[in-house]
Amino acid sequence: MTDPTRRQFLVRTAAGLAALHGNILNATNVFAGENPAPMAIARWSGNPAGMTNDRIDEAAGKLARRAVEAAGGMKRFVKPGETVWVKPNICWDRTPEQAANTNPRVVAEIVGMCLEAGAKTVKVGDHTASPAQRTYVTSGIGPAVEKAGGKLVYVDASRFKTMAINGASLKEIPIYPEILECDAIINVAILKDHCDSKLTMCMKNLMGIVNNRQRFHQDIPGCLADIGLFMRPRIRLHVLDGVRILKAHGPTGGKLEDVVVKMALAAGTDSVAIDAWGAELAGFKPADIGSIVKGQERGLGKMDYRSLAPKEVAVS
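Residues numbered from 1 in each chain as written. Predicted model: local features only at pLDDT ≥ 70, side-chain atom pairs only at ≥ 80, totals over all residues. Heavy atoms only, no water.

### Examining the overall build of the protein
Formally: Secondary structure elements are defined from DSSP: runs of H or I of at least 4 residues count as helices, runs of E of at least 2 residues count as strands, and each element is numbered from the N terminus. Classification of residues uses two cut-offs on accessible area relative to the type maximum, computed with a 1.4 Å probe and protein chains only: under 20% is buried, over 50% is exposed, and between them is partly exposed. Residue contacts follow a heavy-atom distance rule, with two residues in contact if any of their heavy atoms lie within 4.5 Å. For the area figures, the Shrake-Rupley method with a 1.4 Å probe applies, and any residue is considered shielded solely by the protein chains shown.
Of the regular secondary structure elements, the protein holds 10 helices and 11 strands. The buried share of the protein, taken over its 316 residues, is 54%. The contacts of the protein with a sequence gap of at least 6 include a subset with a gap of at least 24, amounting to 73%. Accessible area for the protein stands at about 13900 Å²; split by element, carbon and sulfur atoms hold 51% of it.

Here it is, written out as structure tokens:
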């Protein structure tokens, strides 16, 4: 075969580059979605009064799916072949009805959607306060995750490694390395009362990846902003479960009279904005929550979540 002419070479090269460019664009579009919303809110369209606990939990799964779909779909956040860490709140030995942990059907739905998007492995774990062997079962999250095809991870306290955070308030902290070794992290928090930070939401949920939590209590808002900034490149999606809200005696709860059924859920990429929405759902002004204020000050996100024009969907 004779060597191609210069013109033939240029034509072939241009065609190859165009094809490569098209593949890159296609891959990007699959990952990012077309004009994806930075935040989506799903609300139950019916009256939750009189709903059984089983019905509430079934609806919780639907809310999670619809919110993620409205935010661009799980393929926006998870690529085929990736290992994903789903980080719920599984901290306490409480049932779903007591609203101290993330709703198990929400967690299971997120796991299922990750696998549908092509994830190779979906790990689920939390650094619990009560023994994990109990909390994973009592919360309902363990059985729900296994049924959905996820892999439960029992966090080993001996494996934490001190890592440089280099934040304004938090310079270093022990973090569970297996979480950082995953390709993607999905933060799935519950909205509830907290005795120290007023509320637990997406930013506060990241305390479950660290050891030596006492360090945070010297400056909870500042430390939460610092760990949020450190983790931001690694977290693809935040989900806030407002299906049942623990309104008092948090974070442990235990009394059913402290729980209010709200039947709402938000998902998106801005933890500050989602927490601001959660604060309003719980009856607070976002500016009343120190972590939200500090998160915005540090450039972690926007307190004015309405400026993001979140998509709202009704679910029935």
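### Focus: the packing of helix 3 (residues 104–116) against helix 5 (residues 141–148)
Where we set the bar: Only C-alpha atoms enter the line fits that serve as axes; for helices the fit covers just the stretch in contact. Angles between N-to-C directions range over 0 to 180 degrees. An angle counts as roughly parallel when it lies under 35 degrees, as roughly antiparallel when it exceeds 145, as roughly perpendicular when it falls between 65 and 115, and as oblique in every other case. For any helix crossing, the convention is left-handed if the near helix is rotated counterclockwise from the far helix by under a right angle, and right-handed if that rotation is clockwise. Polar here means any residue other than Ala, Val, Leu, Ile, Met, Phe, Trp, Tyr, Cys and Pro, which are nonpolar, and Asp, Glu, Lys and Arg, which are charged; Gly is therefore polar.
Closest axis-to-axis distance for the helix 3/helix 5 pair is 9 Å, and the angle between their directions is 20°. With respect to helix 5, the element helix 3 is oriented roughly parallel. Regarding helix 3 and helix 5, the two cross each other, and that crossing is right-handed. Every residue of helix 5 that contacts helix 3 at Pro104, Val107, Ala108, Val111, Gly112 and Leu115 is listed here: Ile141, Ala144, Val145 and Ala148. Taken together, the residues that form the contact of helix 3 with helix 5 break down as 9 nonpolar, 1 polar and no charged.

### Some thoughts on the pairing of strand 7 (residues 184–194)
Under the convention used in this document: A pair of strands counts as paired when DSSP detects no fewer than two bridges linking them.
Burial within strand 7 is extensive, with 11 of its 11 residues counted as buried. Across 5 bridges, the pairing between strand 2 (residues 83–88) and strand 7 is parallel. In the strand pairing of strand 7, tryptophan 85 is matched with isoleucine 185. Both strand 7 and strand 9 (residues 235–246) contribute to a ladder of 7 bridges, which runs parallel. Bridged to lysine 192 within strand 9 is leucine 246. Relative to strand 8 (residues 198–200), strand 7 runs antiparallel, the two being bridged by 3 bridges. Within the sheet, the bridge partner assigned to lysine 192 lies in strand 8 and is threonine 200. With antiparallel pairing between neighbouring strands as the criterion, strand 7 and strand 8 make up a hairpin whose turn holds 3 residues.

### Points about the side chain of glutamate 178
Heads up, the condition is: Contacts described as polar in this section are N or O atom pairs within 3.5 Å, which, within protein, must combine one atom able to donate a hydrogen with one able to accept it, while residues neighboring in sequence count only if both atoms come from side chains.
Topologically, glutamate 178 is positioned in helix 6 (residues 177–180). A polar contact of 3.1 Å, which involves the side chain of glutamate 178, links it to the side chain of arginine 159. Among residues more than four places away in sequence, those in contact with glutamate 178 are Trp85, Lys123, Val153 and Arg159.

### Here we look at unusual backbone geometry
A cis amide bond links glycine 250 with the next residue in sequence, proline 251, at an omega value of 10°. Locating proline 251 in the fold gives a position in the loop between strand 9 and strand 10 (259–268). Notably, alanine 99 is not glycine yet its phi reads approximately 60°, a positive angle. As for its placement among the helices and strands, alanine 99 is situated in the loop between strand 2 and helix 3. The class for alanine 99 is buried, based on a relative accessible area of 1%. Of note, alanine 309 is a non-glycine position whose phi angle comes to about 50°, a positive value. By the secondary structure assignment, alanine 309 is in the loop between helix 10 (290–297) and strand 11 (311–315).

### Thoughts on the side chain of serine 291
Along the chain, serine 291 falls in helix 10. Contact partners of serine 291, with chain neighbours within four places excluded, come to Met203, Pro221 and Leu224.

### A short note on the environment of glycine 118
By secondary structure assignment, the location of glycine 118 is in the loop between helix 3 and strand 3 (121–124). Expressed as a C-alpha distance, the spacing of glycine 118 and valine 78, which sit 40 residues apart in the sequence, is 7.5 Å. Once residues within four sequence positions are removed from consideration, glycine 118 is found in contact with Lys79, Pro80, Gly81 and Glu82.

### Regarding the pairing of strand 1 (residues 39–44)
Most of strand 1 is tucked away: 5 of the 6 residues are buried. Pairing of strand 1 with strand 10 involves 5 bridges; the strand directions are antiparallel. Bridge pairing in strand 10 links alanine 42 to leucine 265. With 5 bridges joining them, strand 1 and strand 11 adopt parallel strand pairing. Residue pairing for strand 11: isoleucine 41 is matched across the bridge by glutamate 312.

By themselves, these are just geometric observations and shouldn't be taken as functional.
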